[in-house]
Amino acid sequence: MKNVTLAMDETLLEQARGLAERRKTTLNALIRSLLAHEVEQEDRIAWAKAGMKRLMDEAAKRSDSADTPYRWDRRDAYADREDRLLSRHERPDLRGFGEES
């Protein structure tokens, strides 16, 4: 593991130490955790953007190959699950409301 030196305002340093103490951890562990979270979040955003680009490219290919332009429909997202979806009126009452006691 490599060491890194940080420079920060004294007030921020004291607040960060207080936060680490309240969370029963070290300042070092708190900073590592926060940085790991930020890197993970960045990776998730990149993954989501790549997925959206892939979907847009697929939709563009479909519209280019058809005589009429392709229009996305929310049912497309559930095409493989159509048989498993229940209409709003067919869903069982899971919260217990409406049950007779």
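Coordinates for the structure precede this section.
Residues numbered from 1 in each chain as written. Predicted model: local features only at pLDDT ≥ 70, side-chain atom pairs only at ≥ 80, totals over all residues. Heavy atoms only, no water.

Draft legend 1. Broad picture of the overall build of the protein. Scanning the protein for helices and strands turns up two helices and zero strands. Per-residue burial over the protein gives 4% buried out of 101 residues. Working note: accessible area of the protein is about 10300 Å², and carbon and sulfur atoms make up 52% of it. (Helix = DSSP H or I, 4+ residues; strand = E, 2+ residues; numbered from the N terminus. Buried < 20%, exposed > 50% of the residue type's maximum accessible area, 1.4 Å probe, protein only. Areas by Shrake-Rupley, 256 points an atom, 1.4 Å probe, with all protein chains shown as cover.)

Draft legend 2. Layout of a nonpolar patch on the surface. On the surface, a cluster of nonpolar side chains totalling about 390 Å² of accessible area is made up of V4, L6, M8 and L12. Its location among the elements puts M8 in the segment before α1 (10-22). (Patch = residues over 30% accessible without salt bridge, like charges linked within 9 Å, V, L, I, M, F, W, Y side chains within 5 Å. Salt bridge = Lys/Arg side-chain N within 4 Å of Asp/Glu carboxyl O.)

Draft legend 3. Structural detail: the pattern of salt bridges. Applying the stated rule across the entire model yields four salt bridges. The salt bridge involving E14 is made with R17; its shortest N-O contact spans 3.2 Å. Residue E14 and its partner R17 are both found in helix α1; the two are separated by three residues, about one turn of the helix. Residue D57 pairs with K53 through a salt bridge whose shortest N-O separation is 3.2 Å. Here the residue D57 and the residue K53 both occupy positions in helix α2 (residues 27-65), the gap between them amounting to four residues, near one helical turn. A relative accessible area of 34% places D57 in the partly exposed class. Looking at K53, the relative accessible area reads 48%, which means it is partly exposed.

Draft legend 4. Representation of unusual backbone geometry within the structure. Non-glycine residue K24 carries a positive phi angle of around 55 degrees. Within the secondary structure, K24 sits in the loop between α1 and α2. Its relative accessible area of 76% is what places K24 among the exposed residues.

Draft legend 5. Representation of α1 within the structure. Between the first and last C-alpha of α1 there are 18 Å, a value that for 13 residues agrees with the 18 Å anticipated at 1.5 Å per step. N-cap assignment for α1: the residue whose side-chain oxygen lies 2.8 Å from the backbone N of T11 is D9. Looking one or two residues past α1, K24 carries a phi angle of roughly 55 degrees, positive in sign. (Expected span 1.5 Å × (residues − 1). Polar contact = N/O pair within 3.5 Å; in protein donor to acceptor, adjacent residues only side chain to side chain.)

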